[in-house]
Amino acid sequence: MEPVSSFPLFTIVFSLFSGVLCFLLRGRIAKHYTIVYELVLIGMVTAVLLYTVKNGMAFTYTMGEFSAPWGNEIRAGVLESVMALLFMVVMFCSVAAGHRFVNMDIDESKINLYYAELNLMTAALMSIIWTNDIFSGYVFVEILTLTSCGILIVRELGRTTLAAVRYMILNLLGSGLFLLGVVLLYTMTGHLLMEPMQRTIASLSWNPDVMPTLIMAVGILTIGLSIKSGLFPFHYWMPDTYGWATPTSAAILSSLVSKAYIFLLFKIYYRAIGINVFERMPIRNILLVLGICGIIAGSWSAIRSNNINRMVAFSSAAQIGYIYMGLGLGGISGYTAALFHILVHAITKSQLFLTTPHLAEVSGESLLFKELQGSGRRNRDAGVFFTISALSMIGIPIFAGFSSKLLFGQAAMGHGNKKLILVMLALAVSSMLNALYFIRTVIRIYTDDPRNHVKTRHRPDYIPSMLVLTGCNLFLGLFSWVTAGLIQTGLSMFG
Amino acid sequence: MKEWFTRWLNGDLELLEHVSDASEIPDSPREELKTKRKEFRQRIYDRPDMDSIIRAEQKGFLAIYHTIAIISCVVLIGVLLFTVAHLPRYGEENPYTMEVVERYVEHGVEETGAVNIVAGMILDYRAFDTLGESHVLFTALVCVMILLKLDKKTIRGGYLDSYYTVKQDTYFDVSKDTIIRLAGTVLVPCIVLFGIYVLLNGQNGPGGGFSGGAIMGAALIMFATAFGFDRMDRVFTEKVLSLTVFFSLSFYCFAKGYVFFTGANGLDNHIPKGIPGAILSGGLILPLDIAVGMVVACTMYGFYSLFKRGSIGGA
């Protein structure tokens, strides 16, 4: 085998080792180490992406000497590599842009623990992306759950502790249901690896006695992962969780952690259950309806909130709704739209969460709207970056949000009247609501304020990573066909 | 002897003089507690941000909440019972179900060199899962350290006064108690020995890293309880804990990474399997068990110490 094919393994082992190493290092050194090592990981993942695109096929990598149904396996295709590359870029930018706030928010003796958690989280994210085995998926979901609580409580405010407790309870409920689903699937098929499981389920699914049980198993698993990713009725943990965490944590939690759960769910649908079997189940329609409810409910709560971080967090609930709507629509175009929106949302939301603290910094450390007046003039860079990502969220052309809305519209075109009208209405209403609360914020931060005449100084250390994120945003907006084409190639070698 | 007995009978003998007596601190009368609780509740309800919650409670929110909770529990129970009742009979309706199990049972010993098939399964066939699982424990340790380790911020926040009062510490400190000391002297070496036995025999019988480590961790906790943290701190500082965890886990990581790498590339990994049943058998299983055992023991003691006093190995 070529050396590149070992890179997925290296990303996992290297991240686990870095987590343990940062536990030992001092805070400052741990930070520098983390930044360097994440650059190395970006390089590795890019190499895997280029390799799979060049070869035009995915490869599986046996973990150990025992082959497919007996040992563990990881697998890398174009889709996985695109996801991994995006995750690493967002992770790197969040760490590089937010480290000053990390130093301010976290006690000096615990900074190395924070970076240890981040590196373990990277390992979990990479494993969830590469894994070809649903039980390995569960193990790393556990690590992801624990680390996400860890990077929340590290700020040691009353509110983050409260939010972390709530987040932990809901997450554990989700993990429990997910494990139950995995156990039921294992009992039915006798396999944990995705390909043999899909083969068995394909033969089982024609048995009318087994199909209800299968639907139950997949349903329980879906509920578990949708609690963890924040689908509509379960989205109320979001505002406190994202709103009070240190900016790096908020960016990572909202743009990577919830997306990893969705990607794992999609992977299970597509590779472990088999997309043909899954499309015969009613779960798809439920996801569609809940996704649309989430879009409306999230936007509505965002309009009502008076705190900028809570507004952005509620907008996350709406965006998660979009992704589930795409999964519910089904078909290659629907999945492409959903996966494309994962990328768009990860980039845009992390940028929003990384700029709001800078706006707050020049407004007396307050995130309330009335205090933020004119902050875009006091800190011009942060204002510009916030506006760019807000426009992208609304869906203005040339920005990424527009392309994903276009893809959702195209996906809806392929369906009957009922779904077409439902999705188009949801898109129209939600775009309007998005515009309502984001334009309100942009107007607010550019309204003149007496405080603007006082010169304020701010450090531009976060600008390079913001430029990277903006570049990705424009790339996804202007050249959406490149990424959408990559996702479609990935999907064709996914099944 | 008779005199002692008489004194004991009369209740004059002070046998438990080292243990502080709980009855010395009088409990507050019931009424006082009630009013205190009421006052505390009122203080919460007086906060302006509680208005919406109070209003919701007045509208009968709690009744709806409980009804929905009960209904969803009942529905979930029904659904799960239905699912279990309709599961296909194991190994009958589906020819593939036994494929993996058969291989583990029939060829497990010769392929992994471990008599204990479970150890062979978790540390050889499905070693990637266990690699993650051993890091779950480490992640938990880091989370607990973040939450409970006393730092400047916690001390400044005044948490120290309310939680770590001197009174509480002496109240629960049993390290001067003769009975516990004697029991510790006798039991700790035995528990450690038993833990090592379980740890080293993971490949040949029930046991292995997780269980052996847990037993050794229990011994460490017992020692700290019986002889006080001062003695423990002379040997087991935070530096020792972090170095042990670091070396164990990075050994685990790299050893398994090496096996995965050679296995996937079809190379020979040059790790002797040994004769099944001997203590040095099962390839990497024994060293990995030792590494996991170290991590588990350190984590368990770390948890105890952090929960008890907010630091590992003294401030």
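**A closer look at the overall build of chain B**
Right, on to step 1. Counting its regular elements, chain B contains 15 helices and zero strands.
Right, on to step 2. Relative to its 315 residues, chain B shows a buried fraction of 31%.
Right, on to step 3. For chain B, long-range pairs separated by at least 24 residues make up 72% of all intrachain contacts whose partners lie at least 6 apart in sequence.

**Remarks on the interface of chain A and chain B**
Right, on to step 1. On the chain B side, the residues contacting the 56 residues of chain A number 49 residues.
Right, on to step 2. Among the elements of the structure, α1 (7–24), β1 (59–63), α4 (111–130), α5 (134–153), α6 (158–189), α7 (194–204) and α8 (211–229) of chain A are those that each provide at least two residues to the side of chain A that touches chain B.
Right, on to step 3. When the residues that make up the side of chain A that touches chain B are grouped by side-chain class, the tally is 32 nonpolar, 17 polar and seven charged.

**Quick look at the environment of Thr336(A)**
All names here are of chain A.
Right, on to step 1. Note that Thr-336 resides in helix α13 (residues 331–361).
Right, on to step 2. Sequence separation between Thr-336 and Ile-296 is 40 residues; the distance between their C-alpha atoms is 22 Å.
Right, on to step 3. Other than its neighbours up to four places away in sequence, Thr-336 contacts Leu-407, Ala-484, Ile-487, Gln-488 and Leu-491.

**What about the confidence of the model for chain B?**
Residue and element names in this part refer to chain B.
Right, on to step 1. Summary statistics for chain B give a mean pLDDT of 82 and a share of 85% for residues scoring 70 or more.
Right, on to step 2. In the predicted structure, residues 162–167 sits below a pLDDT of 50 and forms one contact with residues beyond four places in sequence or in another chain.
Right, on to step 3. Across the interfaces of the predicted complex, the ipTM metric reaches 0.91, alongside a pTM of 0.91.

**Points about the packing of helix α14 (residues 238–264) of chain B against helix α15 (residues 285–309) of chain B**
When two helices pack together, their arrangement is given by the angle between the helix axes and by the axis-to-axis distance.
Residue and element names in this part refer to chain B.
Right, on to step 1. The interhelical angle for the contact between α14 and α15, taken along N-to-C directions, is 150°, at an axis separation of 9 Å. Between α14 and α15 lies a crossing of left-handed hand. Judged by residue contacts, Leu-241, Thr-244, Val-245, Ser-248, Leu-249, Phe-251, Tyr-252 and Ala-255 of α14 engage Pro-287, Leu-288, Ala-291, Met-294, Val-295, Cys-298 and Gly-302 from α15.
Right, on to step 2. By residue class, the composition of the contact of α14 with α15 is twelve nonpolar, three polar and no charged.

**A short note on α8(A)**
Residues and elements named next belong to chain A.
Right, on to step 1. Here α8 is 19 residues long and its end C-alpha atoms lie 26 Å apart, about the 27 Å a rise of 1.5 Å per residue gives.
Right, on to step 2. Among the 19 residues in α8, 15 count as buried, and that is most of the element.
Right, on to step 3. Directly beyond the C-terminal end of α8, a positive phi value near 90° is found at Gly-230.

**Structural notes on the packing of helix α7 (residues 127–148) of chain B against α14(B)**
All names here are of chain B.
Right, on to step 1. Viewed as axis vectors pointing N to C, α7 and α14 meet at an angle of 165°, and their least axial separation amounts to 11 Å. By the angle between their axes, α7 is roughly antiparallel relative to α14. Crossing angle aside, the handedness with which α7 passes α14 is left-handed. Residues Ala-127, Leu-131, Ser-134, His-135 and Phe-138 of α7 lie in contact with α14, whose contacting residues are Val-245, Leu-249, Tyr-252 and Lys-256.

Calculation notes
- Residues numbered from 1 in each chain as written.
- Chains lettered and ligands numbered in written order.
- Predicted model: local features only at pLDDT ≥ 70, side-chain atom pairs only at ≥ 80, totals over all residues.
- Helix = DSSP H or I, 4+ residues; strand = E, 2+ residues; numbered from the N terminus.
- Buried ≥ 20, exposed ≤ 12 C-beta atoms within 10 Å, placed from the backbone.
- Contact = placed C-beta atoms within 7 Å.
- Nonpolar A, V, L, I, M, F, W, Y, C, P; charged D, E, K, R; others polar.
- pLDDT = per-residue confidence, 0-100.
- Axes fitted to C-alpha atoms, helices over the stretch in contact; angles between N-to-C directions.
- Left-handed = near helix turned anticlockwise from the far one by under 90°.
- Expected span 1.5 Å × (residues − 1).
- Parallel < 35°, antiparallel > 145°, perpendicular 65-115°, else oblique.

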